[in-house]
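The lines below spell out each chain.
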Amino acid sequence: MTLVLSGGTVVTSIDPVRIEAADVVVRDGRVASVGSAPDLGPADGRIDCRGCLVIPGNVCAHTHLYSALARGMPYHLEPPRDFVEILRRVWWRLDRGLDEASVRASALVGGMEALLSGTTTLIDHHASPNAIDGSLDVIAEALATLGIRSVLAYEVTDRDGPDRAEAGILENRRFAARVASGSLPLARSMIGAHASFTLSEGTLAACADTARATGNGLHVHVAEDAADEEDSRARYGISVMERLARADALDERTLLAHGVHLDEEEVVAARAAGATFVHNARSNMNNAVGRAPLRRLGGHVALGTDGIGADMFEESRVAFFRAREDGAAADPRWALARLAEGARLAGRAIGEPLLGRIEPGAPADLVVLDHEAPAPVDATSFPGHWIFGLSSRTVRDVVVAGDVVVRDRQLELVGTDWLTEHARAEAARLWSRLDAIGEHPFDPRTAAVR
Ligand SMILES: [Zn+2]
């Protein structure tokens, strides 16, 4: 199968920015050539990109698709006063309400929104404690019907008791084996763990063992709120990062979400191990957990939405402005470098080191932006266009692994109208169950230690 994207301005790399006027020829899911292609030969498909930008597909490096039906959901408890109460009263009620049908609907509508906003890879962290077994298959298969790439993990935790902790580990292990069998071409696995303060020593060790045994990275929340560090020091006398290091859970495949409350030693340990932090600017603001120490975290920082959609234009713009509030030295190139880091992280998990670039051999994950730039676009000006002009509103066509999955702002493989109607019905069903689910009783101080 040959697809040609002709006549566009092609951003072949976003870090450093490289741009050329070129045709992109795609063959068998990969970029075959970038340049002037006078003799294209027969093509199975063509996309006229004249007047458009062609960019590598965006990667959302940390999300929770299971929250896709939650926006505007009813809430009748006392308002949460801090981060742990937000979890107990909002998210740990929602996740207990999920069943297989609502997990599927969440993945479908979350994946749809991602593609329509130009995001071609989602690194997801899933929790559905009353529907654990097979939940990652449900998500992978839903996302496959849309044609989006994913890296999936189940969120292991002790907050719902030892049986569900064990079931979570088994789900990660089983799904990793299915991915290894090759039956899910667009899905890959990581090993999910919630956060230090809901993980006993035994469960954390089991997650780390599973990661090593399957050759996968650990995907874990780290020091999102000060409560995570306080709990670790109170219960174990060490920092969160020391716990991870002692469990042998830190290496270049490890994904550390948030990292807001790390001390210097922890940052040094994570950087020395080659782990990647995922910064979630909007979520951190929404949960009032503080400001991530971005300068100290260094270059291994990618961007995620933590479940607030998957629009990486918006996420990177907010991350830029928040960094800018701390000092006018922040440069628009920083935001693009963070997105490129997400592609490198996903590329390691997927086994595609060229993910996020448009060059021969790279996976053909491409986005066509219909954007009438009001000022010249070149490698120097592109970062400014990204922050101050481009948005998901400009996303016209999306290609994943060589297949056109969005054409002229419409999903190609699934009907958008059907999908949103289905999601609304599932959301109403989910919401109707929530009032019967009270505040989560989990208290790490009384949790069983296995
Ligand atoms: Zn998260």
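For the structure, check the block above.
Read on for an overview of the structure. (Residues numbered from 1 in each chain as written. Predicted model: local features only at pLDDT ≥ 70, side-chain atom pairs only at ≥ 80, totals over all residues. Heavy atoms only, no water.)

## A few points about the overall build of the chain
A tally of helices and strands in the chain yields 14 helices and 18 strands. Over its C-alpha trace the chain gives a radius of gyration of 21 Å, about what one expects of a compact globule, namely 22 Å for 450 residues. Projecting the C-alpha coordinates of the chain onto the three principal axes gives extents of approximately 70 × 45 × 40 Å. By residue count, 61% of the 450 residues in the chain fall in the buried class. Of the roughly 17,200 Å² that the chain leaves accessible, carbon and sulfur atoms contribute 51%. Put simply, the chain has 47 plus and 64 minus side-chain charges, and the middle of one group is 1 Å from the middle of the other. (Helix = DSSP H or I, 4+ residues; strand = E, 2+ residues; numbered from the N terminus. Rg over C-alpha atoms; globule rule 2.2 N^0.38 Å. Buried < 20%, exposed > 50% of the residue type's maximum accessible area, 1.4 Å probe, protein only. Areas by Shrake-Rupley, 256 points an atom, 1.4 Å probe, with all protein chains shown as cover. Lys, Arg positive; Asp, Glu negative; His and termini not counted. Charge placed at Lys NZ, Arg CZ, Asp CG, Glu CD.)

## What about the pairing of strand S8 (residues 149-154)?
A large share of S8 lies buried, amounting to six of its six residues. Because side chains alternate across S8, one face comprises the buried residues Arg 149, Val 151 and Ala 153, and the other comprises Ser 150, Leu 152 and Tyr 154, equally buried. Note: strand S7 (residues 119-126) against S8, six bridges, orientation parallel. For His 125, the partnering residue across the bridge sits in S8 and is Ala 153. In this region the chain leaves S7, passes through helix H3 (residues 135-146) and returns to the parallel neighbour S8; the handedness of that crossover is right-handed. With three bridges joining them, S8 and strand S9 (residues 187-189) adopt parallel strand pairing. (Pairing = 2+ DSSP bridges. Right-handed = clockwise from strand over helix to strand, strands pointing away.)

## Details of the pattern of salt bridges
With the rule as written, the count across this model stands at 37 salt bridges. As a salt-bridge pair, Asp 160 and Arg 159 come within 3.7 Å of each other at their nearest N and O atoms. On the basis of relative accessibility, which here comes to 17%, the residue Asp 160 falls in the buried class. Given the relative accessible area of 6%, Arg 159 is considered buried. Note that Asp 326 and Arg 291 form a salt bridge whose closest N and O atoms lie 3.0 Å from each other. Placement of the pair is Asp 326 in the loop between helix H11 (312-325) and helix H12 (332-350) and Arg 291 in the loop between helix H9 (281-287) and helix H10 (294-297), with a sequence separation of 35 residues. We classify Asp 326 as partly exposed; its relative accessible area is 47%. On the basis of relative accessibility, which here comes to 35%, the residue Arg 291 falls in the partly exposed class. (Salt bridge = Lys/Arg side-chain N within 4 Å of Asp/Glu carboxyl O.)

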